[in-house]
Amino acid sequence: MEDTENRGTPSVIDRYFTRWYKTDLKGKPCEDHCILQHSNRICVITLAETHPLLQKGKAIKSISYQISSTCSRLQNKVSGKSKRGGQFLTEFAPLCRITSTDREEYTIFRQVIFCVRGRLLEVNTDILTRPNLLLEKPSTEGYIAVILPKFEESKSITEGLLSRAKYEEVVSKRAALKVDQ
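What you are looking at is a predicted structure, and each value in this text was computed from that prediction instead of being measured.

Visitor: How would you summarise the overall build of the chain if you had to cite specific residues and measurements?
Guide: Of the regular secondary structure elements, the chain holds 5 helices and 9 strands. Ordered by position from N to C terminus, the α and β elements of the chain give α-β-β-β-α-β-β-β-β-β-α-α-β-α. In the chain, once contacts between residues fewer than 6 apart in sequence are set aside, the share between residues at least 24 apart is 59%. With an accessible surface of roughly 10,000 Å², the chain has 51% of that area assigned to carbon and sulfur atoms.

Shown next, in the form of structure tokens:
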């Protein structure tokens with residue numbers, strides 16, 4: 001994990017962002033996502049440490065921000081203080097599709113942030129040319145997207161999400177179940 005440096009100094013992520021987690025997304029076991037929430041409401045969407053792509057030693061074949069024939073997250077262009085022009089995302093909007101070399105496909109949804117709408121500020125185009133960033137540095141250089149929730153709904157972002165402590169409890173319970181089986 002990329003939590004802290006060796007000297008014990010907290011990383012930028014740990015100092016300025018709060019980690020929130022959504023587990024078993026869309027009912028798929030261990031398909032967990034992490035939301036890094038800054039005090040200015042901006043949310044960075046990443047894969048959680050327990051996501052199957054990070055756990056099973058998989059390799060990434062492709063990453064696509066092409067959601068449909070008429071919608072590509074790569075066409076997102078924002079400008080100005082109000083972030084005009086950013087694609088408006090609903091709670092069920094897919095952000096990207098990741099395909100592993102064993103042909104398993106993972107769709108990263110906007111639903112990670114539970115029932116909150118917002119603007120897509122940025123997608124990480126670096127992971128298109130260097131997909132291993134997603135595996136090696138999921139919380140930093142391997143992030144998926146940056147979203148700005150609607151101001152009116154920014155207080156409710158964390159409803160339905162787990163804190164770091166609660167997430168670790170879920171992970172511990174999963175590990176105990178695997179040992180029992």
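Visitor: Kindly report on the environment of Thr46, identifying the contributing residues and their values.
Guide: Following the sequence through the fold, Thr46 ends up in strand β3 (residues 43–47). Classification of Thr46 by relative accessible area gives buried; the value is 0%. Expressed as a C-alpha distance, the spacing of Thr46 and Glu141, which sit 95 residues apart in the sequence, is 9.8 Å. Every residue in contact with Thr46, bar those within four places of it in the chain, is listed here: His33, Cys34, Leu36, Pro138, Ser139, Tyr143 and Ile144.

What counts, and where the lines are drawn
- Residues numbered from 1 in each chain as written.
- Predicted model: local features only at pLDDT ≥ 70, side-chain atom pairs only at ≥ 80, totals over all residues.
- Heavy atoms only, no water.
- Helix = DSSP H or I, 4+ residues; strand = E, 2+ residues; numbered from the N terminus.
- Contact = heavy atoms within 4.5 Å.
- Areas by Shrake-Rupley, 256 points an atom, 1.4 Å probe, with all protein chains shown as cover.
- Buried < 20%, exposed > 50% of the residue type's maximum accessible area, 1.4 Å probe, protein only.

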